[in-house]
Structures are given as structure tokens and as C-alpha cells.
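# Fold and geometry: a report
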Amino acid sequence: MATSFPTSAQIVIIGGGVIGTSIAYHLIKQGARDVVLLEKSKLTEGATWHAAGLVGQFRSQQNLMRLMSDSVKLFDNLEAETGQNPSWRKVGSMRIASSQDRWDELLKSYSAAQAVGFEMNMLTPKEALEIYPLMAVDDLIGAAFIPDDGHIDPNSLTYAYAKGIRQNGGRIIEGVMVKDLARKGSRITHVVTDHGTIEAGMVVNAAGLWARQVGWMAGVEIPAGVVEHQYLVTEKTSEIPDDLPAFRDPDGGYYAKPEPGALAIGGWEKITNKVNPKEGFPWECERHLFDGDMDRLEEFLEPAMERLPILGELGIRTIVNGPIPISPDGEPIMGMVPGLDNFFAACAFTSGIAASGGAGKAAANWILHGDAGLDLWAFDIRRFGPLHAGQKFLHDRAIESYAQYYAIHWPGEEMESARAVRRSPLYQTLKSQGAVFGAKFGWERANWFAHGDIAQEDQFGFNRPGQAETVGREHGLAREGAVLFDMSSFTKFEISGNDACAFLQYMAVANVDKPVGGATYTQLCNERGGIEADVTIIRRADDCYWLITGSALGIRDRDWIDRNMAQFDGAVQIRDITSAYGVINVAGPLARKVLEKVTDADVSHEGFPFMSTRDICIGYAPAMAYRVTYIGELGWELYIPTEYMAYTFELLQEAGKEFGLANAGYRAIDSLRLEKRYLAWGLDITPDYNPFEAGLQFLIDWNKGDFIGRDALAKIKEQGVTQKLVCLALDDPLHVFGGEAILTDGKVVAQTTSGNFGYSVGKSLVLGYLPVDALKAGSFEVNAFGRNSKATLLKSAAYDTARKKILC
């Protein structure tokens, strides 16, 4: 080595692929100077060197599209910044539809693209043929063309990043094997290598195929598996134009990337092979390729030859069957690893080349400033827990996610692998009563219930097939009678200690210093005022609280709580009690009548006010009853020790017979809550939004003292906001799901965050953030699946604006 091996570094990055080098490049670009990147072999070796290099920007979520667009902006300027040509070809990309369902999916995407100002052109078959003359179009419905997409050489890109790193004082050391990560408490103190030990302030795991094993060195599980992915390269011909766009035929399950005078044809097969699931990917296999699998190859080559007849005239020059990293849901893994203060993960990128520029920028922001600069919940490592990192769950889900890469993504469609893992005590009972389940963080949850001649199986489509008879029925019963929801999957934390109240007052924007039995709905904000969590906090004793959050948010919210607990120096303890208690929600106008039959407790409005709790008995069973609603009706959540759940449910069902008590599922909840303008974290509220924008500022208690985000929120209160969350009711019953474009006076100004049909009001409803200037517009429209509907801006909720049904 030309210089001595470092003994310390502010930031050590493990992995010299396209992601690791991009992170180092952006860290240095943002001012970090003491950055060392370690690569056990040579740059690009692992998964980068054999990647196809397609660059496609469109994603279903606005922030993910921004991340991909950041990559393209960087690629446009990278040669000017570094002096190294990354071989970037901005030739555009085409995605075709040969079925009506696929065309509808493209129309849904087009609406979302319009909403964020992303250029995406919808083409007729004739127009598509003019841009991509190699294809047959007889059965084509249409195509989408994105002019700013293209392809890039992975090796040239990586070395461009590397040149920028070195030019600006960063160090890249190749041929260095990381052997261990020394840990003291919640910090990694040293990176131990075969060349020496480096004291590290921050460690970044960008180890690609080996990310899981690097996690093991730190004593943590990172759910990043490895599977095979293959493509072929054809023989050369003069008939392939130089400026040919990238091409995707999801109905055929393949893509075509232009090579000089040739095509690279790859696909996402129905079944691929997992690689070394127990031991991890072998350290010595930096440039390993597997033998070509002709059976898997034929699966996408045959439809490719039908669509691109020229393939029948060309031989196969090369087959590349290489390892690629993948997570259980197929999306990348980014963020600070829970349980550690200075270990950042950036791995499991199946489309790492295209994402590298934006991911590197976001990671650098996250590492240096504690904030990615945009909400990346879809990529956040905290969306996973120990269940997902188990080798069988990880790889079963990874293979299914791989197979679904080009599948039509139906609204509400559920994964089929690794199911029935976490079950409520009521699972078998609900199944026998017609429940059709979905999965959330491993939990089986009833989405809806079959009845009569309706089959106990899901139907999928962009027109919500069959839901009027199932979800609509449950919606109506909740509004007019009484229903039971099994909400046992709620994440439940017990927070206790002498400083429990002071700690939660510091965490929450609302006042949680209520008498014992009091309950508070509140947000936990960050220093910018962004909403990190949306929770309920219940006071169980002077020094003990319960914090209730969503089924899939336990790891995330626990991490946020833990990272802010240190200053309380052991005077606060937190315990996960999720599995100790099931939850039955009895709701609807007749809920009180049902409850009165099974308890001696006073459940009158005066004796049991809204947003309060009581310890009661349901028959013989103890329960904490919490009067609350997420559907806009009278209701109680009953927190019941697990062993009493079956008994309590049977008792409630028997008592409710005379009132027509029925089961209901989570799909009805979504429709019901939209009618009441109740918000969902991750959709309607995220760290990108603050309580003033979301209309939740009334919850902030300015008199209780300091809390996280107070200064920022005070400034927002003084200066005002530039956007506000609104509810729109559509004149036409278009099918809306969230992500649709909102137009004011004929101009696209925003994107919906949620959408559903409100069966009580008979309208399709959407939520979305509108610029404040647009609130005064003369007309509003929502675009869905190629159609526009006029819409009415609602001043409050679509249903029961006076809240009479709740406060009765």
C-alpha cells in the first residue's frame, strides 16, 4: 500500500460496490473528510460488476421517485464533477402493456407521475413502434415512455464515484478483509481487518452480497439475502439502432437493454434459486457466476422472441447468471440499525445501479444530519424485525418478491409465502366464521369476511371487485349496528419508572400528564416538527404508561423512543407487551348495548367518557377498556390478557346476537376512517409533514414545557404553512387508492395520500396535501386510470361532522 493503514476514521464504509462508493462520494461532497472505504477485493466485485445497468426512475411512491431522479441528475453531471465518463446513455425507456389490466396499471402510474411533475408519455401502439421499431405490436394495448431514463455502465459509474472520492481527500483501500466489528454497549468502537484495526466513529454496511454476514459481526440480524438473477447477451447485428431505448415487457416478464449492436435480455422468473441461506454468501466468491439455467431462461426468452422477432435471428453470445442481494419485500434496506448508535445499513439493492446516486445522497444526509432529507419508510430497515431476518422467512419471501417484480401489483394484494406465522388467539375462530386474512408484520389479520354464497378468497382488480357486497356490508353494519374487530396485532409498549411521565411529555406534542386512566392521542415529532410516530398513550399508574402504535411500526417507534431515552439515565424502562394482550374492538351505535350485557361496569357516556380507560370485567375476564374510535362511531378497545381472548370473544358474540353483532375487517376500517378524515401514518402523515400541515395542531400543548420539535413547530405556527391536508369528495365514483393526481383549475398541483370509497356518503374520497394557494381554486379534479372527476373540497369530515355519534 502506498500510504500507511489508518488507525482511526470518522466514517468507515465496508463495501466497494456502486452503493458504497456513492455513499462515500456524497459524504465527502457534503463536507465529511475523514472517510475510509474498505473493499476486500477490488471495486465493483460482488454484484456490481455483472449488473445489467438499466436506469428506470418511475416508482409508485413520490419520495422513491425523487430518489431515483436524484440519480439521473447526478449521472447527467458526474463526468463534469469528476472527470470520469460513467458511460451514461439517456436514451429513455419504454414499458409496454399487452393486457387491459396492465394498461390500467400504467394509467395509474401515469396519474402518479403527473402529480409529481415527472415526464411520462402514454403512447398508442403505432407511436410506440416509431420509438422502438424492433417489436411486434399486433396485440399491444399501449405503452409508457420515460424520456429521461436510460442505461449506464456499472463499472464506469463506480470508478467515477471512486475518482471523485480520491480527488476530494477520501481514502479507498482495496484488498482489505473486515474480520470483526468490536462493540461496546450500543456502539461499534473498532473495525478489525486483516491489515489492522480502525477506531471508527460511524460504520456503514454497504457490503452487498455479504451485508448479512457483516451484520453478524456487529451482533445484529440484517434481512439481506442472496438469489440468482440471469440475463443473456445476443450476437451483434447492424439492425439494432444505437439510440434504442431500454425496454420492459412486464407481461412477458423480461427487459431488453441495448448493448453496442446487440441486446441484453433478462427476466424475473417465477422461481429463482436462493444462495447459501444459512452460512451466507462465500467470502471468496467476488466474481462468481453460476451456470446458465436454461429452464429459467426459456421462461422469459420465449415471450421476448415473440415480441422482438429479431431475437429469432440472433444467437446467444453470453449468459450471465449472477448473485444479487435482495430483502424480504424486494426493496433496499437503509438506515441506522436499531440497537446500535453508529451502524448504518445500505444494502439489499436489487436495482442498485439506478438507485445509487439518490441512495448515496440520502445516506449521506442520514449519516451526517440524522435525516435522509425525505421520508424513505419504504426502504427503512425498521420496517423489518427479527422475524424477517430468520433465514427461512427471509429467503421464502425474497423468492416471492423476486417473482413479483414484474407482476401486476393489485391494490390490497397479499404475499402468499411465510403466512400464518403470528396468530391472534381468535385466528381459527375468525377463519371458521369466514375471515379472509391479510398479513402485517407477520400477523394474520382479518381483512374482510365472506358470508352467504361469497367465496372465502380474495378477488383482485383495479375496480375493487366484490367489495360492495363484503367491505360495503361491514361498513354499513359498523355505521348502523355493532361490529367486532380483532386488533390484537397492535404494538403495545409499557413505559415505566420515576421519570416515565417527564420522558413522555418530552417525546409527545400533546399533554400526557393525565390522571390514571386518562388517554392521549398524540404525535411524536422530530426536531424539524416532522411526524415520526402517531400513537396513543394511556396512563396506567402514576409511574406507568402504555403506548399503543401500529402493527408494523413497533421496531420503528421503539427505535425512536430508545434513541431519545439516554438523557433520562435509566430512570425510564420500556417493555414490549404486545403478545401479552389481545385487543377486541366493539364498535357501532349499538356497541354500548352489547357491552352492557357482559359487564357490570358503568359504560354510560357520563360514567365512561370518550378518551378514557377503565379496568373492567367482561364476564369473568379482566380487561382494560378504552373508549375510543378510528371509524367515527361509539366504541371501545378491550385489552385482554391473551388467555382470556377466546372466552371474551365468545361472550361478546353471544351477547350481541339480538343486536345483529357481526365481524368486520381492516378493509372496512380504511373506508370508515376516510369518511371521518382519520389519518394513517406512512400514508397521510410521515416525517415529511408536520401537525399544522396535517390539521393536527390542536393536539399540541404549548403550556407543558419543552418537547421534541417545539421550537420548529413554534416557528411554523408563526410563519404559517405552504400546504395543507384536505379531503376531496369525487363527483364520479372513480376507483381511488392513493397516488392519484389532484388538479385545480385544470392544473396538476398535488398527489393523493389515501383513497377509498365511502359507502355511507356514497362518494369516492381522497386525502392529499394542497398548496395553500390552491385552496382558493375555482374547481378541483382527481385523475384516476385516465379519467378526471370533478371533486368537492370538504371543510371537515365527510361523515358526522358534529361528532354526535362519537360523543353519545
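Above: the structure in question.
A brief report on the enclosed structure follows. (Residues numbered from 1 in each chain as written. Predicted model: local features only at pLDDT ≥ 70, side-chain atom pairs only at ≥ 80, totals over all residues. Heavy atoms only, no water.)

## Side note on the packing of aromatic side chains
Centre distance and the angle of the planes are the two values used to describe a pair of aromatic rings. Note the following rule: Note on aromatic pairs: the rings of Phe, Tyr and Trp (six-membered ring only in Trp) are paired at centre separations within 6.5 Å, and the planes decide the class, stacked below 30 degrees, edge-to-face beyond 60, tilted for the rest. Segments assigned H or I by DSSP are reported as helices when at least four residues long, segments assigned E as strands when at least two residues long, and all are numbered from the N terminus. In this scheme, a residue with accessible area under 20% of its type's maximum is buried, one over 50% is exposed, and one in between is partly exposed, where area comes from a 1.4 Å probe on protein chains only. Distance and angle both matter: a charge sits over a ring if NZ of Lys or CZ of Arg is within 6 Å of the ring centre and within 35 degrees of the ring normal.
Evaluated as defined, the whole model comprises 25 aromatic pairs. Judged by centre distance (5.8 Å) and plane angle (45°), the ring pair of Tyr25 and Tyr161 falls under tilted. On the criterion of sequence distance, the pair formed by Tyr25 in helix H1 (residues 18-29) and Tyr161 in helix H5 (residues 154-167) is long-range, its members being 136 residues apart. Look at Tyr25 and you get buried, because its relative accessible area is 6%. By the ring-pair criterion, three or more aromatic residues cluster together here, those being Trp268, Tyr402, Tyr405 and Tyr406. Here Arg287 stacks its cationic end above the ring of Trp49, 4.0 Å away from the centre of that ring.

## Focus: empty space enclosed by the protein
As a reminder, the rule being used: The definitions used throughout rest on a 1 Å grid laid over the protein atoms alone, on which a cavity is an enclosed set of points accommodating a 1.4 Å probe that cannot get out and a pocket is an open set flanked by protein within 12 Å on both sides along at least five of seven lines; lining residues are those having an atom within 4 Å of a point. Grid points are joined across faces, edges and corners, and a volume is the space filled by probe spheres set on the points. Note that Gly is not counted as nonpolar here; it falls among the polar residues with everything else outside the nonpolar set of Ala, Val, Leu, Ile, Met, Phe, Trp, Tyr, Cys and Pro and the charged set of Asp, Glu, Lys and Arg.
Counted under the stated rule, the structure contains three cavities of 30 Å³ or more. Lining of the largest cavity is provided by Ser424, Leu430, Phe437, Trp443, Glu444, Arg445, Ala446, Asp486, Met487, Ser488, Ser489 and Tyr666. The dominant element in the lining of the largest cavity, judged by the number of residues it contributes, is strand S21 (residues 443-449), at four residues. Residues that form the lining of the largest cavity fall into these classes: six nonpolar, three polar and three charged. By volume, the second largest cavity is sized at about 50 Å³. Around the second largest cavity sit Leu209, Arg212, Gln213, Ala224, Gly225, Val226, Val275, Asn276, Pro277, Gly280, Phe281 and His395, which together line it. Of all the secondary structure elements, the ones that give two or more residues to the lining of the second largest cavity are helix H6 (211-217) and strand S13 (225-234). Split into classes, the residues belonging to the lining of the second largest cavity amount to six nonpolar, five polar and one charged.

## Quick notes on the sheet that holds strand S30 (residues 621-627)
Two orientations exist for strands paired in a sheet by backbone hydrogen bonds: parallel and antiparallel. Defined as follows: A pair of strands is treated as paired once DSSP finds two or more bridges between them. Note on contacts: a residue pair is in contact if any heavy atoms of the two residues lie within 4.5 Å. Working convention: axes come from line fits to C-alpha atoms, limited for helices to the stretch in contact. Angles between N-to-C directions cover 0 to 180 degrees.
What the six strands build is an open sheet, ordered S29-S30-S31-S28-S22-S32; its pairing is mixed. Edge positions in the sheet fall to strand S29 (613-618) and strand S32 (662-663), since each of these pairs with one other strand and no more. Sheet analysis places strand S22 (residues 483-486) next to S32, joined by two bridges and oriented parallel. When the sheet's bridge partners are listed, Leu484 is paired in S32 with Asn663. Contacts from helix H16 (residues 645-656) reach S22, strand S28 (581-587), S29, S30, strand S31 (635-641) and S32 within the one sheet, and its direction differs from that of S28 by about 10°.

## Re unusual backbone geometry
In this structure, Asp569 takes a positive phi of about 50° despite not being glycine. Within the secondary structure layout, Asp569 lies in the loop between helix H14 (554-563) and strand S27 (573-576). At Asp800, a position not held by glycine, the phi torsion is positive, near 50°. With respect to the secondary-structure elements, Asp800 resides in the segment after strand S38 (787-794). In this structure Asp800 comes out as buried when scored by relative accessible area, which is 17%.

## Focus: the sheet that holds S38
Here six strands make up a closed barrel; going around it, the order is S33-S36-S35-S34-S37-S38 and the pairing antiparallel. For this sheet, the mean angle separating the axes of adjacent strands, direction not counted, is 40°. When strand S35 (residues 747-758) meets strand S36 (residues 763-771), the two strands line up antiparallel, connected through six bridges. Paired with Phe757 across the bridge in S36 is Ser764.

## With respect to the state of the cysteines
Applied cut-off: Our working definition of a disulfide is a cysteine sulfur pair at a distance within 2.5 Å.
Within the structure shown, the criterion is met by zero disulfides. Counting only cysteine sulfurs, Cys347 is the nearest neighbor of Cys285, a cysteine outside any disulfide, at a range of 19 Å. Looking at Cys617, it has no disulfide partner, and the nearest cysteine sulfur is the one in Cys544, 19 Å off. Taking relative accessible area as the criterion, Cys617 reaches 42% and is therefore assigned partly exposed.

## A few points about the pattern of salt bridges
Applicable threshold: When a carboxyl oxygen of Asp or Glu lies within 4 Å of a side-chain nitrogen of Lys or Arg, that pair is called a salt bridge.
Going through the model one piece at a time under the given rule, you end up with 34 salt bridges. For Lys257, the salt bridge is made with Glu259, and the minimal N-O distance between the two is 3.3 Å. Its salt-bridge partner being Asp329, residue Arg383 comes within 2.8 Å of it at the nearest N-O pair. Here Asp329 lies in the loop between strand S17 (316-326) and strand S18 (333-336) and Arg383 lies in the loop between helix H8 (352-369) and helix H9 (386-389), a separation of 54 residues in the sequence. For Asp329, a relative accessible area of 34% corresponds to the partly exposed category.

## Topic: the environment of Gly117
Examined against the element boundaries, Gly117 turns out to sit in the loop between helix H3 (100-115) and strand S6 (121-123). Each C-alpha atom, one on Gly117 and one on Ala741, is 9.9 Å from the other, the two residues being 624 residues apart in sequence.

## Focus on the packing of helix H12 (residues 467-480) against helix H17 (residues 666-675)
Axis angle and axis distance: for two packed helices, these are the angle between their axes and the distance between the axes, and together they describe the pair. This is how it is decided: Small angles under 35 degrees read as roughly parallel and large ones over 145 as roughly antiparallel, with 65 to 115 read as roughly perpendicular and the rest as oblique. Left-handed is the label given to a crossing in which the near helix is rotated counterclockwise from the far helix by less than a right angle, and right-handed is the label when the rotation is clockwise.
H17 packs onto H12 with a crossing angle of 55° between their chain directions and a minimal axis gap of 9 Å. Relative to H17, H12 is oriented oblique. Considering the relative orientation of H12 and H17, their crossing is right-handed. Counting all contacts with H12, which are made through Gln467, Val471, Glu474, His475, Ala478 and Arg479, the residues of H17 involved are Arg667, Ala668, Ser671, Leu672 and Glu675. For the contact of H12 with H17, a count of residues per class yields four nonpolar, three polar and four charged.

## Comments concerning the nonpolar core
The condition that has to hold: Only buried Ala, Val, Leu, Ile, Met, Phe, Trp, Tyr and Cys residues count toward a nonpolar core, and they belong to the same one when joined by side-chain atoms within 4.5 Å.
The biggest cluster of nonpolar side chains holds 51 residues, and the ones touching the most others in it are Ile11, Ile13, Ile23, Leu27, Val204, Phe344 and Leu376. Among the elements that make up this core, the one with the highest residue count is H8 (nine residues). Residues contacting Ile11, with those up to four places away along its chain left out, are Leu27, Ala32, Asp34, Val35, Val36, Met202, Val204, Ile367 and Leu368. With 39 residues, the next largest nonpolar core counts Phe5, Val12, Leu209 and Val226 among its residues.

## What about the packing of helix H2 (residues 62-82) against H5?
Interhelical geometry of H2 versus H5 gives an angle of 45° and a closest axis separation of 10 Å. On the basis of their axis angle, the class for H2 and H5 is oblique. Here H2 runs over H5; the crossing is left-handed. Residues Leu74, Phe75, Leu78, Glu81 and Thr82 of H2 form the contact with H5, whose participating residues are Leu157, Ala160, Tyr161, Lys163, Gly164 and Gln167. Within the contact of H2 with H5, the residues separate by chemical class into six nonpolar, three polar and two charged.

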